[in-house]
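Structural overview
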Amino acid sequence: MMITGPSMIPSIPSIRSRNMQNWLSRGAFYLLVILIVLGCVGPFAWQIITSIKPARELTTLPPILPSQVTVEHYIRVFERPFGKYIMNSVIVASATTIFCLVVGSFAAYALGRLRMKGKMIILSMVLAVSMFPEIAIVSPLYVVMRNLKLLNTYPALIFPYTTFAMPLTLWILTSFFREIPAELEEAAKIDGCSPLQAFWKVILPIAAPGMFTTAILVFIAAWNEFLFALTFTKTIQAQTIPVGIAMLPTMYHVPWGSIAAASVIVTIPLIILVLVFQRRIISGLTAGAVKG
Amino acid sequence: MSSRKVTFMGKLRVSEKNLGYFLVIPALAVVAVMAFWPTLAAFWMSLHDISLIFRTNRFIGLENFKTMAGDPAFRNALHNTVYFTAISVALETLLGLVMALVMNGAFKGRGAVRASVLVPWAIPTVVTSTMWKWIFNTDYGLFNFLLKRFHVISSYLNWLGDGKLAMGCAIMADVWKTTPFIALILLAGLQTISHDLYEAAMIDGANWWQRFTRIMLPLLLPIGLVAVLLRTLDAFRVFALIFVLTGGGPADATEVLSTYTYKVLFSTSNFGYGSALAVSMFVSVALISLVFLNFIRLVTRSS
């Protein structure tokens, strides 16, 4: 390990020089830690500061910190139909999550636990789909949805979202199902359960944390999606928050305060999710890749 | 194993294998309808002259691809995409490795560091772009202010309005947003390496550099390559980040394949040519994946 503290540094004859080196490497290490945290959180902190600065202080630097805290930008955001954007985002992201989890959990159970041929082929196919460029499928989907009069509706987003959400669901859930010890299932079968009953009564309750992790990841992915939302919705009927924020600037005026406030409103729920479920999210994110 | 019969819904007796297929089919049907069919349809559309405005739809064979070969805007977008992808993925991998090594250390406040690293990952891309757009603002942006304060620049620069600087800004925003992803995957890889290996090496007198290059890097290589592949594909199809940050400007300096394709599709309504551009992206992504996957296979086989 490079500079991860004393235990990793090979012993050096003189005690004095070793202490010196420990102290130095420790200092460099914590400096790096501070840089990482500042680098990750700093830019967003600046967005939060901007959102509570009085309008006249937005166009002067210094001061970096506001002379007084204001909520005017937040009020201004909700003078627009911002609540509708939020509602649309909640509906679309929840529906995508529920749909993918319900349909995906059966498939992931089969792929993770049942004896069948072609599992690897199916999983690699699904992985390949998750690598499709979104823009590559936009043109036919647009034409079809226009003909079916689906543009500007929730299904116009929920169904295309399955193209990235379903592969995500299948990969993460399959790896979770695979980790459940086979003995549990065997025991259920000896007790007279069919595979479906075993799935329902034994596997599903154990897999609940994995399902939950998957749900968080799918929800965040759907919540943040932009290209499909921009393409398939042109009115406030179904537009989601990312599109709403992207459209706040007009030709002549960029309302930086409102944009900052809107960004904070959209991001805070995600940051809370991340802080509360940190471990789960990391395990879900790396589940596919580590075994890959 | 097909002889193993199981009861389904209390009546039907099916083999476990068939039950498996039965459970898999709905999910696969969704993927087929929403991903495979549109991809094939895009291929078909790319062979046509389609304008949604003039309601034309005429088969023209490979004409769109000939247009593409001679289209300077396409070449510019391809060049920008490759440049953006190469530089940002290289930076992200290096920084991600440093971040992973730091997070792998035992120290107080490790949990807080991990949580803060997840912040850029969780923030919507659109918010990332608007945020950096504000930071890069010429007159009131934090970036100019800090750089001038610390005497890095003598006068304010027009970061997003200067064709030579805008791409660097887009790369910086992307690096900020996605380095945590690589870091977390590399961290997971680091944690699978047994401590005994390091200890054995230390007893043999290996210094930290030898331990780093002889033990850690080789063992990290397979998972690192997977992370790099995922990031490369993501960077190659970058859309929201650039569309919101610069809109492809100034003067197409940050125009990438996705944003160019989007404009051809929805500003000119030229769905035939737009689909041909989309197909070219699909083929590029497939080629990149194939090359990477073969490389990963080689690496894992040799080690």
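These numbers were taken from a predicted model, which means no experiment stands behind them. (Residues numbered from 1 in each chain as written. Chains lettered and ligands numbered in written order. Predicted model: local features only at pLDDT ≥ 70, side-chain atom pairs only at ≥ 80, totals over all residues. Heavy atoms only, no water.)

As for the overall build of chain B
- A count of helices and strands for chain B gives 12 helices and 4 strands.
- For 303 residues, the compact-globule estimate of 2.2 N^0.38 gives 19 Å, and chain B exceeds it by more than 25% at 25 Å.
- With the principal axes as the frame, chain B shows a C-alpha extent of 80 × 75 × 40 Å.
- Relative to its full complement of 303 residues, chain B shows a buried share of 55%.
- Considering only intrachain contacts with a sequence separation of at least 6, the fraction spanning at least 24 residues in chain B is 63%.
- For chain B, the exposed area adds up to about 13,800 Å²; of that, 66% sits on carbon and sulfur atoms.
- For chain B, the separation between the mean place of its 24 positive charges and that of its 14 negative charges on side chains is 8 Å. (Helix = DSSP H or I, 4+ residues; strand = E, 2+ residues; numbered from the N terminus. Rg over C-alpha atoms; globule rule 2.2 N^0.38 Å. Buried < 20%, exposed > 50% of the residue type's maximum accessible area, 1.4 Å probe, protein only. Contact = heavy atoms within 4.5 Å. Areas by Shrake-Rupley, 256 points an atom, 1.4 Å probe, with all protein chains shown as cover. Lys, Arg positive; Asp, Glu negative; His and termini not counted. Charge placed at Lys NZ, Arg CZ, Asp CG, Glu CD.)

Here we look at the environment of B:Trp159
All names here are of chain B.
- With respect to the helices, strands and loops of the structure, Trp159 is situated in the loop between helix H6 (142-149) and helix H7 (166-191).
- As a C-alpha pair, Trp159 and Lys133 span 26 residues in sequence and 9.3 Å in three-dimensional space.
- With sequence-adjacent residues up to four places away left out, Trp159 is seen in contact with Phe136, Thr138, Phe143, Asn144, Leu147, Leu165, Ala166 and Cys169.
- A distance of 2.8 Å separates polar atoms of two side chains, one belonging to Trp159 and the other to Asn144. (Polar contact = N/O pair within 3.5 Å; in protein donor to acceptor, adjacent residues only side chain to side chain.)

A few points about the domain arrangement of chain B
- According to the domain assignment, chain B consists of domain 1 (1-38) and domain 2 (63-302).
- Using C-alpha coordinates to define each centre, domain 1 of chain B is positioned 39 Å away from domain 2 of chain B. (Domains from an automatic or database assignment.)

Side note on a nonpolar patch on the surface
- On the surface, A:Ile64, A:Leu65, B:Leu146, B:Phe150 and B:Val152 cluster together into a nonpolar patch covering about 500 Å² of accessible area.
- In this fold, B:Leu146 is placed in helix H6. (Patch = residues over 30% accessible without salt bridge, like charges linked within 9 Å, V, L, I, M, F, W, Y side chains within 5 Å. Salt bridge = Lys/Arg side-chain N within 4 Å of Asp/Glu carboxyl O.)

Re the side chain of B:Ser46
All names here are of chain B.
- With respect to the helices and strands, the residue Ser46 is situated in the loop between helix H1 (16-45) and strand E3 (48-51).
- Residue classification places Ser46 among the buried residues on the basis of a relative accessible area of 1%.
- In this structure, Ser46 is in contact with Gly61, Asn64, Phe65, Gly272, Ser275, Ala276 and Val279, ignoring residues within four places of it in sequence.

Some details on the pattern of salt bridges
Residue and element names in this part refer to chain B.
- Under the criterion given, the structure shown has 7 salt bridges over all chains.
- Between Arg231 and Glu92 there is a salt bridge; the shortest N-O distance is 2.8 Å. Here Arg231 is found in helix H9 (residues 208-236), whereas its partner Glu92 is found in helix H3 (residues 72-104), with 139 residues between them in sequence.
- Assessed through its relative accessible area of 0%, Glu92 is described here as buried.
- In this structure, Asp174 and Arg231 form a salt bridge, with 3.0 Å as the shortest nitrogen-oxygen distance. With Asp174 in helix H7 and Arg231 in helix H9, the pair connects residues that are 57 residues apart, well separated along the chain.
- When its relative accessible area of 7% is taken as the criterion, Asp174 is described as buried.
- Overlapping salt bridges bring together Glu92, Asp174, Arg231, Asp234 and Arg237 as one network.

Comments concerning the interface of chain B and chain A
- Facing the 97 residues of chain B at the interface are 94 residues of chain A.
- Carbon and sulfur atoms make up 81% of the area that chain B and chain A hide from each other, which totals about 8,700 Å².
- When the buried surface of chain B facing chain A is broken down by residue, B:Leu23, B:Met34 and B:Trp134 rank first, second and third, together holding 8% of it.
- Run the count over chain B and chain A and you get 0 salt bridges.
- Linking chain B with chain A are 10 residue pairs in polar contact (both at pLDDT 80 or more).
- Looking at the side of chain B that touches chain A, the element that brings in the most residues is H1(B), giving 21 residues. (Buried area = accessible area lost by both parts, 1.4 Å probe.)

Here we look at the side chain of A:Thr162
- Inspection of the secondary structure assignment puts A:Thr162 in helix H7 (residues 155-179).
- On the accessibility criterion, A:Thr162 (1% relative accessible area) is buried.

Description of the packing of aromatic side chains
- Summed over all chains, the structure comprises 32 aromatic pairs over all chains.
- Ring plane angle 85° and centroid distance 5.0 Å describe the contact between A:Phe132 and B:Phe282, whose orientation is recorded as edge-to-face. Residue A:Phe132 is found in the loop between helix H5 (119-130) and helix H6 (135-147), and its partner B:Phe282 is found in helix H12 (residues 271-302); the two belong to separate chains.
- Using a relative accessible area of 18% as the deciding quantity, one classes B:Phe282 as buried.
- Linked through ring pairs, A:Tyr142, A:Phe226, B:Phe239, B:Phe243, B:Tyr262, B:Phe266 and B:Phe271 together constitute an aromatic cluster.
- Lying over the aromatic face of B:Tyr156, B:Lys148 brings its terminal NZ or CZ to 5.5 Å of the ring centre. (Phe/Tyr/Trp six-rings, centres within 6.5 Å; stacked < 30°, edge-to-face > 60°. Lys NZ or Arg CZ within 6 Å of the ring centre and 35° of its normal.)

Points about the packing of H7(A) against helix H9 (residues 195-224) of chain A
Residue and element names in this part refer to chain A.
- For the pair H7 and H9, interaxial distance at closest approach is 9 Å and the crossing angle is 140°. The angle between H7 and H9 falls in the class oblique. As for how H7 packs across H9, the hand of that crossing is right-handed. On the side of H7, the interface is formed by Tyr161, Phe164, Ala165, Leu168, Thr169, Ile172, Leu173, Phe176 and Phe177, while H9 contributes Phe199, Ile203, Ala207, Gly210, Met211, Thr213, Thr214, Leu217, Val218, Ala221 and Ala222.
- Classifying every residue of the contact of H7 with H9 gives 16 nonpolar, 4 polar and no charged. (Axes fitted to C-alpha atoms, helices over the stretch in contact; angles between N-to-C directions. Parallel < 35°, antiparallel > 145°, perpendicular 65-115°, else oblique. Left-handed = near helix turned anticlockwise from the far one by under 90°. Nonpolar A, V, L, I, M, F, W, Y, C, P; charged D, E, K, R; others polar.)

A short note on the nonpolar core
- A:Phe177, A:Phe232, B:Phe84 and B:Trp121 are the most contacted members of the largest nonpolar core, which totals 189 residues.
- Not counting chain neighbours up to four residues away, the residues in contact with B:Trp121 comprise A:Leu217, A:Ile220, A:Val274, A:Ile281, A:Leu285, B:Lys177, B:Pro180 and B:Phe181. (Core = buried A, V, L, I, M, F, W, Y, C linked by side-chain atoms within 4.5 Å.)

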